[in-house]
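Inside the fold
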Amino acid sequence: METKLWIVDNVGDIDTIYPQIEDAAKLLRENQVIAFPTETVYGLGANATSNIAVNKIFEAKGRPSDNPLIVHISEKKQLHDIVEVIPSVVDKLVEKFWPGPLTLILDKKNHGQTLSNKVTAELSTVAVRMPDHPIALALIKKSGLPIAAPSANTSGKPSPTLARHVQHDLNGKIAGIIDGGPTGVGLESTVLDCTGDIPVILRPGGVTKEQLEEVCGQVDVDKALLKEDEAPKSPGMKYTHYAPNAPLSIVKGNSEFIQELVSSQRQLGRKVGVMTTSENQDKYDADLILTCGSLSDLETVANQLYDTLRKFDEAGVDLIYSEAFPEDGIGQAIMNRLLKAAGHQVIIE
Ligand code: AMP
Ligand code: MG
């Protein structure tokens, strides 16, 4: 299949974007799959009401069919077509964080607009989000559909934060890619289960626990995020994710300790990569030293994490050591993704 590429460089306001995404919106209505930028990562979108369209997402990504997708909407009123009841806390969350990197898990509507069962992997609940990106909003609006969209990468690989990451993984497998430049946050949305009395974070992301607590008081964290052997409530969290080709280990220790690990592996003839920050980049001697942002501004790390992991793949290193990050604010999401990328390989000094 030929994968079309549309470059949208004027991302000022929605009206200037419409003519540039008309082709892509038409293909979505024809049940084709289109990759598009959001403020988190690039998404792989399809008509959420069509089994045929949604199946194409799973096929292109090689995603396990029991891992449900997030439904993306462009207007708050679309929520009423998808969910049964909107609890009052959800009204407050929507008011404060939408459009934005917060996905809400709610009870799925039984009647009315019928979502494909494949979107929700046959669950009685549905994940919904309104992305904060003018191209994503324009595309969803123009398509006139709720759009199911996971990240636009091959399942298991680091999520795409640039159109060229999508091309690398999915060229020839999907109908088109809208290149709108780099994404903003760089990590996926926070997934918040709102079906019980107390909201529960199933996946940390762009909206932090602290920010959520300001709006809805107590917020719990799924036990599986804190303990490795606990079964996650979010089906997708049990799979390998975000992993570079080379084995990755997170090292909780100082730079001298990390350098000793690097040196001993290089003596064995291995090509070693180090993932560090601008503060520490001069402290290493390795085959490839990449900075993924600044320790003093963790949002820069969130933004560059996946691109950096993909760069190690491009260079073909044999193994990678990464520094660990503080787990406050966005650091919680960073360490969640990094631990998964490393298959929970942690070396402690
Ligand atoms: P992705 O589409 O790759 O950003 O991943 C979406 C995440 O949301 C995965 O971890 C899914 O398992 C999770 N998710 C989607 N729908 C539900 C749902 N109904 N209940 C719990 N988790 C969900
Ligand atoms: Mg994903």
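Heads up: the structure comes first, above all this text.
Only a predicted model underlies this, so the values are computations on that prediction, with no experimental measurement involved. (Residues numbered from 1 in each chain as written. Chains lettered and ligands numbered in written order. Predicted model: local features only at pLDDT ≥ 70, side-chain atom pairs only at ≥ 80, totals over all residues. Heavy atoms only, no water.)

1. Considering the pairing of strand 6 (residues 125-129)
- The element strand 6 is extensively covered by neighbouring structure, given that four of its five residues are classed as buried.
- Examined bridge by bridge, strand 4 (residues 70-72) and strand 6 share three bridges and lie parallel to one another. Within the sheet, the bridge partner assigned to I70 lies in strand 6 and is A127.
- Judged from the four bridges that link them, strand 5 (residues 102-107) and strand 6 form a sheet pairing that is antiparallel. If you follow I105 over to strand 6, its bridge partner there is A127. (Buried < 20%, exposed > 50% of the residue type's maximum accessible area, 1.4 Å probe, protein only. Helix = DSSP H or I, 4+ residues; strand = E, 2+ residues; numbered from the N terminus. Pairing = 2+ DSSP bridges.)

2. Regarding the pattern of salt bridges
- If you walk through the whole model with that rule in mind, you get 13 salt bridges.
- Salt-bridge contacts for K76 lead to E95; the nearest nitrogen and oxygen are separated by 3.7 Å. Residue K76 is located in the loop between strand 4 and helix 3 (79-82), and its partner E95 is located in helix 4 (residues 88-97); the two are separated by 19 residues in the primary sequence.
- Given a relative accessible area of 58%, E95 falls into the exposed group.
- A salt bridge links D287 to R266, with the nearest nitrogen and oxygen atoms 3.1 Å apart. In this pair, D287 sits in the loop between strand 13 (272-276) and strand 14 (288-291) while R266 sits in helix 9 (residues 255-267), placing the two residues 21 residues apart along the sequence.
- For R266, a relative accessible area of 31% puts it in the partly exposed group.
- Linked through salt bridges whose partners overlap, the residues forming this network are R164, D307, K311 and E314. (Salt bridge = Lys/Arg side-chain N within 4 Å of Asp/Glu carboxyl O.)

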